[in-house]
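What follows is the residue order along each chain.
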Amino acid sequence: MAIHRETDWQELTRLTQGAPVVVERVRLADRDVAIEGRFELPQLARLSSEDQVFVTAFVRCHGSIKEMEQIFGVSYPTIKSRLNRIAQGLEFVETNAPPSLSELRGTIMDRLKADEISAEDAIRELEGLP
């Protein structure tokens, strides 16, 4: 089955009824290149077509729940409930990455230079780093 349009994705979602889908061949549309393997669909593509429409509308509304209420004709709690349900099914990427080892070392050295810690404390902290 070739997927060419957005409606084809909706049809695929309907046919699979939420069952996991593994893509085994990907072809670049503008080139004669195909890649074979096992590829999972991105998280948002795994949502039901109704949830995909909902998320798209939410992004287009810049996250305005008031606007979403008007578009879908439902109440604030209904919009929040649906957003919470969708969010629970998604894995989120950590955006607050922990400091790198070199950043930790630099902070210790800066504190040492500023006489905030002793040389012994700096050595102990540096030795305790991973």
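All of the points below concern the structure found in this document. (Residues numbered from 1 in each chain as written. Predicted model: local features only at pLDDT ≥ 70, side-chain atom pairs only at ≥ 80, totals over all residues. Heavy atoms only, no water.)

### What about the overall build of the chain?
The secondary structure content of the chain amounts to six helices and two strands. Listing every helix and strand of the chain by position from the N terminus yields α-β-β-α-α-α-α-α. For a compact globule of 130 residues, the expected C-alpha radius of gyration is about 14 Å, and the chain comes in at 24 Å, more than 25% above that figure. Its C-alpha atoms give the chain principal-axis dimensions of roughly 65 × 45 × 25 Å. Going through the 130 residues of the chain one by one, you find that 15% of them count as buried. Residue pairs in contact within the chain that sit at least 24 positions apart in sequence constitute 30% of those at least 6 positions apart. For the chain, the computed accessible surface area is about 10400 Å², with 53% contributed by carbon and sulfur atoms. (Helix = DSSP H or I, 4+ residues; strand = E, 2+ residues; numbered from the N terminus. Rg over C-alpha atoms; globule rule 2.2 N^0.38 Å. Buried < 20%, exposed > 50% of the residue type's maximum accessible area, 1.4 Å probe, protein only. Contact = heavy atoms within 4.5 Å. Areas by Shrake-Rupley, 256 points an atom, 1.4 Å probe, with all protein chains shown as cover.)

### A short note on the packing of helix 5 (residues 101-113) against helix 6 (residues 119-127)
At their nearest, the axes of helix 5 and helix 6 sit 10 Å apart, and the two run at 175° to each other. Between helix 5 and helix 6, the interaxial angle falls into the category roughly antiparallel. Here helix 5 contributes Arg105, Ile108, Met109, Arg111 and Leu112 to the contact with helix 6, which in turn contributes Ala119, Ala122, Glu125 and Leu126. Looking at the contact of helix 5 with helix 6, its residues break down into six nonpolar, no polar and three charged. (Axes fitted to C-alpha atoms, helices over the stretch in contact; angles between N-to-C directions. Parallel < 35°, antiparallel > 145°, perpendicular 65-115°, else oblique. Nonpolar A, V, L, I, M, F, W, Y, C, P; charged D, E, K, R; others polar.)

### Re the packing of aromatic side chains
This model, assessed by the stated rule, comprises one aromatic pair. Centroid distance Phe54 to Phe72: 5.2 Å. Interplanar angle 45°. Geometry classified as tilted. Of the two residues, Phe54 is situated in helix 2 (residues 49-60) and Phe72 in helix 3 (residues 65-72); the sequence distance between them amounts to 18 residues. A relative accessible area of 2% places Phe54 in the buried class. The exposure class assigned to Phe72 is partly exposed, which follows from its relative accessible area of 31%. (Phe/Tyr/Trp six-rings, centres within 6.5 Å; stacked < 30°, edge-to-face > 60°.)

### Considerations on the nonpolar core
Core analysis: the largest hydrophobic core is formed by ten residues, namely Leu47, Phe54, Ala57, Cys61, Ile65, Met68, Ile79, Leu83, Ile86 and Leu90. In terms of residue count, helix 4 (residues 76-88) provides more of this core than any other element does, three residues in total. (Core = buried A, V, L, I, M, F, W, Y, C linked by side-chain atoms within 4.5 Å.)

### Observations concerning the pairing of strand 2 (residues 33-40)
Two elements, strand 1 (residues 22-28) and strand 2, share six bridges in a ladder whose sense is antiparallel. Bridge assignment links Val26 to a residue of strand 2, and that residue is Ile35. Between strand 1 and strand 2, which pair antiparallel in sequence order, lie four residues. (Pairing = 2+ DSSP bridges.)

### What to know about the pattern of salt bridges
For the structure shown, the criterion picks out six salt bridges. Among the salt bridges present, the one from Arg38 reaches Glu24, with a minimum N-O distance of 3.7 Å. Pair noted here: Arg38 is in strand 2 and Glu24 is in strand 1, with a separation of 14 residues, a long-range link. On the accessibility criterion, Arg38 (65% relative accessible area) is exposed. Across the salt bridge formed by Arg25 and Glu36, the nearest N and O atoms sit 3.4 Å from each other. Here Glu36 lies in strand 2 and Arg25 lies in strand 1, a separation of eleven residues in the sequence. Here Arg25 and Glu36 have matching classes, each one exposed. Salt bridges sharing common partners tie together Asp51, Arg82 and Arg85. (Salt bridge = Lys/Arg side-chain N within 4 Å of Asp/Glu carboxyl O.)

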